[in-house]
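Residue-level listing of the chains:
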Amino acid sequence: MIALPFVRVMLHLLQGLCTSAFIFPFISTTGRDQRIKKWSAGLLAILHVEVEIHNDAASAAQALIVSNHISWLDIFVINSLQPCRFVAKADIRSWPALGWLCAKSGTIFIARGKQREVRRVYEGLVTSIRAGERIAFFPEGTTAAQGQLLAFHPNLFEAAIEAGVPVQPYALRYVDAQGNLHSAADFIGDMTFVDSMLLIMKTRKMTAQLTLLPTIASTGEHRRDLSLKARQAIAAKLCYDQQPGAVS
């Protein structure tokens, strides 16, 4: 039965909406981050998604964070560790409730394929990184089924170079009780957000394994080379095929 978990998710979303509307405007950034972290962990707990953090490196005090992208869950897994401002596809803004929550938590929406939009977001990222904000994005530009790693789009890696900070790759996967990749996490094709959530609820148990990888220095690098190094690091950790590389 998934009726009870579904009701709990809806109530949790309502709590998040109320917090964003009535509390966020009156609290500090630190207070907001604490609530985002707690709320994200609470959502994952309702969905029976456990989070395992593996530190192949320490979390950098200031870096541009990049991760492979599997599911809408990814944002909340990373936020349960340490809240970030994410760069996400503009269509997420239209998702019922969750899209509004993402906007209120500082998500930066981008219309893919529009060069002027990429430039605007890039300039904002540089300003935010220099201001000490934690910025994260998914360089594949879309989700991919586990076992695959798409080409990385290099454009936004320029923000790390311009801001003078390293890139810190995160490797993420979802596994079952036997440690095998859990296909219920895949959010691909024509699957809707509701379809995905219901499928995750039916599984009853899933573990998100998030690995923090060593930083990659951006000084003197070209954005394409930086994106290739980040992809290679993530692919090696996940034991995925190293091809294809970055796109132009």
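Residues numbered from 1 in each chain as written. Predicted model: local features only at pLDDT ≥ 70, side-chain atom pairs only at ≥ 80, totals over all residues. Heavy atoms only, no water.

Draft legend 1. Here's a closer look at the packing of aromatic side chains. One pass over the structure, following the stated rule, counts five aromatic pairs. Where Trp72 meets Phe76, the ring centres are 6.3 Å apart and the plane angle is 75 degrees; that geometry is what we call edge-to-face. Summarising the burial analysis for this pair, Trp72 and Phe76 share the class buried. Where Phe137 meets Phe157, the ring centres are 5.4 Å apart and the plane angle is 75 degrees; that geometry is what we call edge-to-face. (Phe/Tyr/Trp six-rings, centres within 6.5 Å; stacked < 30°, edge-to-face > 60°. Buried < 20%, exposed > 50% of the residue type's maximum accessible area, 1.4 Å probe, protein only.)

Draft legend 2. Quick look at the sheet that holds strand 6 (residues 167–175). Taken in spatial order, the seven strands line up as 1-7-6-2-5-3-4 in an open sheet, and their pairing is mixed. In this open sheet, the two strands that pair with only one neighbour each are strand 1 (49–55) and strand 4 (108–110). The average undirected angle you get between the axes of adjacent strands in this sheet is 25 degrees. Bridging between strand 6 and strand 7 (residues 206–212) involves six bridges; their strand directions are antiparallel. Note on strand 7: the bridge partner recorded for Ala171 is Thr211. In this fold helix 3 (residues 73–81) packs onto strand 1, strand 2 (64–67), strand 3 (85–89), strand 6 and strand 7, with an angle of close to 115 degrees to the strand it touches most, strand 6. (Pairing = 2+ DSSP bridges. Helix = DSSP H or I, 4+ residues; strand = E, 2+ residues; numbered from the N terminus. Axes fitted to C-alpha atoms, helices over the stretch in contact; angles between N-to-C directions. Contact = heavy atoms within 4.5 Å.)

All quantities given are derived from atomic positions and should not be read as evidence of function.
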